[in-house]
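Structural features, examined
One-letter residues, chain by chain:
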Amino acid sequence: MSLARLRPAVRGPMPAVLSRCCRAGGGESGGRSRAMEVRMAELFCSGLEISAALKPKGKKAPKGRGRRTNNNRQSPATSLPPEAEEGNIEYKLKLVNPSQYRFEHLVTQMKWRLQEGRGEAVYQIGVEDNGLLVGLPEEEMRASLKTLRRMAEKVGADITVLREREVDYDSDIPRKITEVLVRKVPDNQQFLDLRVAVLGNVDSGKSTLLGVLTQGELDNGRGRARLNLFRHLHEIQSGRTSSISFEILGFNSKGEVVNYSDSRTAEEICESASKMITFIDLAGHHKYLKTTIFGLTSYCPDFAMLVVSANTGIAGTTREHLGLAMALKVPFFIVVSKVDLCSKPTVDRTVKQLERVLKQPGCNKVPMLVSTDDDAVTAAQQFAQSPNITPIFTLSSVSGEHLDILKVFLNILPPLTNCKEQEELMQQLTEFQVDEIYTVPDVGTVVGGTLYSGICREGERLVVGPTDNGKFLDLKVCSMQRNRSACRVLRAGQAATLALGPFDRSLLRKGMVMVSPEMNPTICSVFEAEIVLLFHATTFRKGFQVTVHVGNVRQTAIVEEIYGKDKLRTGEKAVVRFRFFKHPEYLKIGTKLLFREGVTKGIGHVTNLRPIATPP
């Protein structure tokens, strides 16, 4: 369901989050004009939705229900938004002893809702189609849940009661509504997979939190939980992540956690899970910033989790990571870790500090402190509908305080793309982005990355490039692995590793793409982009060299021309022509762009390409 995107008005002085979040150190830039402030704030706010515009247009309540509803009772406290025709949320007043014909119709309807939610659906029992919370007596609710369970068995799914609550409906008999999660049992590895990038300052507890979530054991307070996540010896010795690592957390069809505490291998987790959360653990130290940016731009995360230490608050690269997530329009939620080390007033002070930053005009977020399971369910649903909602969790990886609340949130968190958008991507030609390259004994060359569009099958022939002279080379996909378990078919939006057999590794590099031979990819060394200069110490001129991040492409580029201007200052906007320094790249118009050089930061999008002739 497409959501209306509105631009909020910007009032007040330039907030600190905009002036500091996208640069490393450096003082406040003086003399910044009001117009510049507004343009920068508009840039960050252009993708935000206003809560008032988010209520979906639902279908009208069907006539002839057999009783009249009291319209005076439809206040916000006793009603939900009207039921939407699209999406995976279904309202049902009651499901008591349906006829065979009615039952088959209900099953067909459940299949549609599961398809819309890519294997997940939420049923609100005791709610009319117009959103009125009527509720059901205990006996009718039990009968309705029994019918719902029969429907789920018919389509190969399980149901989990998320929450119940009583409603006041002018009745002497207690009435309640029940919210139920319906999730398909995994079939042929077609589980729902969400990618969550993990951001935050160094020593904020990112890797430790992931170790606790994925291993199922609490930390000992000295970093034992994070040891299994590190890939290099110097990471183990320093305790700091310097590379990108991937960790998985599964949930089965009943909503129960599936991790390494119950399964020995990733393959076992994939077999048991109906929903998979893939965490992308990124570096927090500023000297590894280019690796962090590459993880955000290349791996296309669905969400970001910003980890903030309760005892240090917003420090170091926290603002910068916050700014990167906002610039790339990645919806994020916040986890305040290490609450076991602090008193409650200290934790409250950190939470209030975060709330102040989020409420500033440049962010325009609505913070939502999550402290109960009920809050977690509400936060997950509202977060997916409105990216300007920002849930905040407070937890400890040592004591386990509130850790289960975060798991409930991750279990309910729905995908941002619906089934229709997924099918449209799968109907396009195959395009796989190469992010990692390995050599595996007895296997050969292996590439890791994300399938951007189309469907890739084992044994399929593709072409990979561009090489330094703009050529594309033929290859064959020998085998594939997804989440460390073998698979035969890869669909758009899924990340995997592909084995290429004896293909020469020296011919490959990060930033390449593997595409169908029928595709005629646009290769260019020169391109134009509309940019906004977020921060620069002096003036940004022709001839300046920057590191450009466009998707999985990361390369030095030279500013050849600034159209209509001789120079740019902080906050100014212009169309700029770039030329790649080393070799041509595969780009697409409209792709988000981020460039940096020292404290210089800027973002924008590609507006024009100047293709080069592809050699025969």
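One structure accompanies this document, and this report is about it. Starting from 1, residues in each chain are numbered consecutively following that chain's sequence as written. Local features in this predicted model are restricted to residues whose pLDDT is 70 or higher, and side-chain atom pairs enter the listing and the counts only when it is 80 or higher, whereas totals over whole chains, interfaces and linings include all residues. By convention in this description, side-chain values take in all heavy atoms of the structure and omit both hydrogens and water.

**Some words on the pattern of salt bridges**
In what follows, salt bridge is the name for a side-chain nitrogen of Lys or Arg lying within 4 Å of a carboxyl oxygen of Asp or Glu. A full pass over the atoms with the stated rule returns 21 salt bridges. Note that Lys 588 is salt-bridged to Glu 431, the shortest N-O span being 3.5 Å. Residue Lys 588 is found in the loop between strand 29 (585-586) and strand 30 (592-597), and its partner Glu 431 is found in strand 13 (residues 431-440); the two are separated by 157 residues along the sequence. Relative accessibility under 20% of the residue-type maximum defines a buried residue, over 50% an exposed one, and the middle range a partly exposed one, all with a 1.4 Å probe and only protein chains included. Judged by its relative accessible area of 3%, Glu 431 falls in the buried class. Among the ionic contacts, a cluster of salt bridges with common partners joins Glu 138, Arg 142, Glu 164 and Lys 176. Only DSSP runs of H or I with at least four residues qualify as helices, and only runs of E with at least two residues qualify as strands; both kinds are numbered from the N terminus onward.

**Digging into helix 3 (residues 100-116)**
Since the α-helix turns once every 3.6 residues, residues separated by three or four places project in the same direction. One less than the number of residues in a helix, times 1.5 Å, gives the span that helix is expected to have. With 17 residues, helix 3 ought to run about 24 Å at 1.5 Å a step, and its terminal C-alpha atoms sit 25 Å apart, in line with that. Those residues of helix 3 that sit buried are Phe 103, Leu 106, Val 107, Gln 109, Met 110, Arg 113, Leu 114 and Glu 116. Where helix 3 is buried, its residues meet strand 1 (89-92), strand 2 (120-125), helix 4 (138-154), strand 3 (157-167), strand 4 (175-184) and helix 13 (419-426). Phi for Arg 118, located one or two positions after helix 3, is positive at around 55°. Should any heavy atoms of two residues lie within 4.5 Å, those residues are considered in contact.

**Considering the packing of helix 3 against helix 4**
Between helix 3 and helix 4, the shortest axis-to-axis distance is 9 Å and the interhelical angle comes to 65°. Read as a crossing pair, helix 3 and helix 4 show a hand that is right-handed. Together, Phe 103, Glu 104, Leu 106, Val 107 and Met 110 of helix 3 and Thr 147, Leu 148, Arg 150, Met 151, Ala 152 and Lys 154 of helix 4 make up the contact between the two elements. Throughout this entry, Asp, Glu, Lys and Arg are counted as charged residues, while Ala, Val, Leu, Ile, Met, Phe, Trp, Tyr, Cys and Pro are counted as nonpolar. The remaining residues, Gly among them, count as polar. Residues that form the contact of helix 3 with helix 4 fall into these classes: seven nonpolar, one polar and three charged. Whenever a helix is involved, its axis is fitted only over the stretch in contact; in every case the axis is a line through C-alpha atoms, and angles between N-to-C directions fall within 0 to 180 degrees. Take the far helix as your reference; a near helix turned counterclockwise from it by less than a right angle gives a left-handed crossing, and one turned clockwise gives a right-handed crossing.

**Some words on the nonpolar core**
Leu 199, Leu 282, Leu 296, Leu 322, Phe 332, Ile 334 and Val 336 are the most contacted members of the largest nonpolar core, which has 38 residues in total. Elements with a contribution of two residues or more to this core: strand 5 (192-200), helix 8 (289-298), strand 9 (303-309), helix 9 (318-327), strand 10 (332-337), helix 10 (344-359) and strand 23 (523-535). Working definition of a nonpolar core: buried Ala, Val, Leu, Ile, Met, Phe, Trp, Tyr and Cys residues. They are joined through side-chain atoms within 4.5 Å. In terms of nonpolar packing, the next biggest core, distinct from the first, is built from 36 residues, Val 122, Leu 209, Ala 376 and Val 377 among them.

**Let's talk about the sheet that holds strand 22 (residues 513-515)**
Note: two strands are recorded as paired if DSSP finds a minimum of 2 bridges between them. Taken together, the eight strands give an open sheet; going across it, the order is 17-16-22-13-14-21-18-19, and neighbouring strands pair in antiparallel fashion. The outermost strands of the open sheet, each flanked by one partner alone, are strand 17 (473-476) and strand 19 (485-487). Taken over all neighbouring pairs, the strand axes of this sheet differ in orientation by 40° on average, direction set aside. Pairing geometry for strand 18 (residues 479-482) and strand 19, over three bridges, is antiparallel. Each residue of the ladder has a partner; that of Met 480, found in strand 19, is Cys 487.

**Looking at the sheet that holds strand 12 (residues 389-394)**
By way of backbone hydrogen bonds, the strands of a sheet pair with one another, either parallel or antiparallel. If you walk across this open sheet you meet the eight strands as 7-6-8-5-9-10-12-11, and the pairing is mixed. Of all the strands in the sheet, just strand 7 (257-258) and strand 11 (366-370) have a single pairing partner and so form its edges. Helix 9 rests against strand 5, strand 9 and strand 10 of the sheet, and its axis sits at about 165° to strand 9.

**Things to note about the packing of helix 8 against helix 9**
Where helix 8 meets helix 9, the closest approach of the two axes is 11 Å, and the angle between their N-to-C directions is 25°. The angle between the axes of helix 8 and helix 9 places the two elements in the roughly parallel class. The interaxial crossing formed by helix 8 with helix 9 has right-handed handedness. Residue-level contacts link Leu 289, Thr 292, Ile 293 and Leu 296 of helix 8 to Glu 320, His 321 and Leu 324 of helix 9. Partitioned by chemical class, the residues of the contact of helix 8 with helix 9 number four nonpolar, two polar and one charged. An angle below 35 degrees is read as roughly parallel, one above 145 as roughly antiparallel, one from 65 to 115 as roughly perpendicular, and any other as oblique.

**Remarks on unusual backbone geometry**
In this chain, Gly 465 is followed by Pro 466 through a cis amide linkage whose omega measures -5°. Note that Pro 466 resides in the loop between strand 16 (461-465) and strand 17.

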